[in-house]
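Structural overview for review
Listed here are the chains, written in short residue letters.
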Amino acid sequence: MLFNSAQFLIFFPICVFLYFVLPQKFRALWLLGCSYYFYMCWNAAYASLLLISTVSTFACGFLLEKAQSPRGRKAALAASICLNLAILFFFKYYNFFQDSMAGLLGMVGVAYQPPRFDVLLPVGISFYTFQALGYSIDVYRKRIPHERNFIRYALFVSFFPQLVAGPIERAENLLPQFKEKHDFSYERAKEGLFSMLWGMFKKVVLADGLGIMVTRVFENVGLFDGPSYVIATVLFAVQIYCDFSGYSDIAVGSAKILGFDLMQNFRQPYSSRTLAEFWSRWHISLSSWLQDYIFEPLAWSGWTQKLPLIGKYIKNPPVYSSLIITFFLSGLWHGASWTYVLWGLWHGVLQAVGKITKKPRKKWLKKLGVNTKSRAWQLWQQTLVFGMVCASYIFFRAATVQDAFYIFGHLLQGWGVLLHPAQLLDTIRTICGGLWNAVQLLIPYLLMEGVLHFEKKRGVFAAKWFMTLGRPKKLAVSYAMLLCLLFCGTYTASQFIYFQF
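Residues numbered from 1 in each chain as written. Predicted model: local features only at pLDDT ≥ 70, side-chain atom pairs only at ≥ 80, totals over all residues. Heavy atoms only, no water.

A look at the overall build of the protein
Across its full length, the protein carries 21 helices and zero strands. Its C-alpha atoms give the protein a radius of gyration of 24 Å, near enough to 23 Å, the size a compact globule of 501 residues would have. Looking at the protein residue by residue over its 501 residues, the buried ones come to 50%. At a minimum sequence separation of 6, the contacts of the protein that also span at least 24 residues come to 74%. Element-wise, carbon and sulfur atoms account for 67% of the exposed surface of the protein, whose accessible area totals about 24,100 Å². Of the charged side chains in the protein, 47 are positive and 24 negative, and the gap between their average positions amounts to 10 Å. (Helix = DSSP H or I, 4+ residues; strand = E, 2+ residues; numbered from the N terminus. Rg over C-alpha atoms; globule rule 2.2 N^0.38 Å. Buried < 20%, exposed > 50% of the residue type's maximum accessible area, 1.4 Å probe, protein only. Contact = heavy atoms within 4.5 Å. Areas by Shrake-Rupley, 256 points an atom, 1.4 Å probe, with all protein chains shown as cover. Lys, Arg positive; Asp, Glu negative; His and termini not counted. Charge placed at Lys NZ, Arg CZ, Asp CG, Glu CD.)

As for a positive patch on the surface
A surface patch of like charges, here positive, comprises Lys355, Lys358, Arg361 and Lys362. Here the positive patch takes three residues from helix α15 (residues 358-367), the largest share from any one element. For Lys358, the location among the structural elements is in helix α15. (Patch = residues over 30% accessible without salt bridge, like charges linked within 9 Å, V, L, I, M, F, W, Y side chains within 5 Å. Salt bridge = Lys/Arg side-chain N within 4 Å of Asp/Glu carboxyl O.)

Some remarks on helix α14 (residues 338-356)
With 19 residues, α14 ought to run about 27 Å at 1.5 Å a step, and its terminal C-alpha atoms sit 26 Å apart, in line with that. When we look at burial in α14, the residues that qualify are Thr339, Tyr340, Val341, Trp343, Gly344, His347, Gly348, Gln351 and Ala352. (Expected span 1.5 Å × (residues − 1).)

Section: the packing of helix α1 (residues 6-21) against helix α2 (residues 24-40)
Across the interface, α1 lies against α2 with an axial gap of 10 Å and an inter-helix angle of 170 degrees. Comparing the axis directions of α1 and α2 gives the class roughly antiparallel. In this structure, α1 uses Gln7, Phe8, Phe11, Ile14, Cys15, Leu18, Tyr19 and Phe20 to contact α2, whose residues at the interface are Arg27, Trp30, Leu31, Cys34, Tyr37 and Phe38. (Axes fitted to C-alpha atoms, helices over the stretch in contact; angles between N-to-C directions. Parallel < 35°, antiparallel > 145°, perpendicular 65-115°, else oblique.)

Comments concerning the pattern of salt bridges
Side-chain pairing between opposite charges can occur once the charged atoms of the two side chains come close. Applying the stated criterion to the full structure yields 18 salt bridges. It is possible to trace a salt-bridge network through shared partners that takes in Arg188, Glu191, Lys256, Asp261 and Lys464.

Remarks on a nonpolar patch on the surface
A cluster of nonpolar side chains, Phe89, Phe90, Phe97, Met101, Leu104, Met107, Val108, Val110, Tyr112, Phe117 and Val119, forms an exposed patch at the surface whose accessible area comes to about 1,000 Å². Here Phe117 shows up in the loop between α4 (70-107) and α5 (125-140).

Observations concerning the confidence of the model for the protein
Overall, the predicted model of the protein reaches an average pLDDT of 89, with 95% of residues at or above 70. Confidence, expressed as mean pLDDT per element, reaches its minimum in the protein at helix α12 (residues 310-313) with 41 and its maximum at helix α6 (residues 150-158) with 96. Across residues 307-314, confidence stays below pLDDT 50; counting only partners more than four residues off in sequence or on other chains, it has six contacts. (pLDDT = per-residue confidence, 0-100.)

Spelled out as structure tokens, the structure:
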């Protein structure tokens, strides 16, 4: 079921109404049923995978609690991780692995025809698998106790607002909330409804509208040149932000109406001045998960000190190598394609280089007399980071690795169009499908930037900022978004980009 569908507009009010009408002891069971129905609307058969992940990690928690020896605890955790990752590998990575092996063997003259399993990728499998495994690891580390109530735990894994595209919640935050009694709050409902409206505005108006333009270029790369690739990539940067942050806003808003608080997933990432800061603001639930469960265990284990040359010639190698490995896995998590792997490696390598050169860069900037606290320098840093992020999006959005390298190879061609305004307008008209389409999206974009400006100025998220406004301003902002939805929305009920992950 899609948030931006008529089906959800019927489902959600019924879910909320009966949740608050039912006695407390039946509410968790009701939400669990709603969550499984929400997921089964996409593909009922794959709800069994969700159930397997739930049962296996719940059993792991039970065994971890009962196990007396460290070896028994490690065996229980390893079994849970292996089972869940095996399911994830088969449905998401099996064909990718086999095709990669065939290509590698073909390079050395060995013909290999791998067996293929053409199965539909279960929506959201990477999200709920990571959330369930995070619970197992936290119980193993004794950060949280094992949840003894299976209904509550099953609801934690399958909670419908964040089930298929996050945020990836931590058990210590979400599980205790299922034990609390929630009464309907008019104030929470207003904040939640605005968050949902804000997310729907970003998705239906901006993300879906821009998606048509971006597809026009990236699906026909041979027909365009440098300026078109740059414009399309910048538009994609706005599209993916609006699409994914829009989903997160709807998820947070719908949960808030029900009485639950989910973590915020985005904090104006394109204002970042370093790539590390960007990842502390973008897809926060995933980046923090990768940091806690992959990067830190790798970085502090000291394993790279044992590798030849690395430990001898590079100071503190575990941090840099673990950083690259973590982002390699992040790219692979996003999709079974070398385009995503290269996207992840791009971020990992650049961050490692940034850390290695941090002190020399500070030294040279000081010698050159650069005022690193000036607004001009900060704007330069933001522009540079945004450029590096956009360059990575070429790998992320390209249909194939060949298309990505074709774009990089032709980025410098065609810039003479800047000297001919009429030709430049023709380029924009071709990408946008007409100048009116560009103008039609410009007004909603300026409205979004206005909200983000006040959000940053007040130091709170958009829904919190909205609640501080007086009634006339609340109505003005709400009606502006509703009018944009009515007149500028793209109503094709297209799925969110991160559903495929």
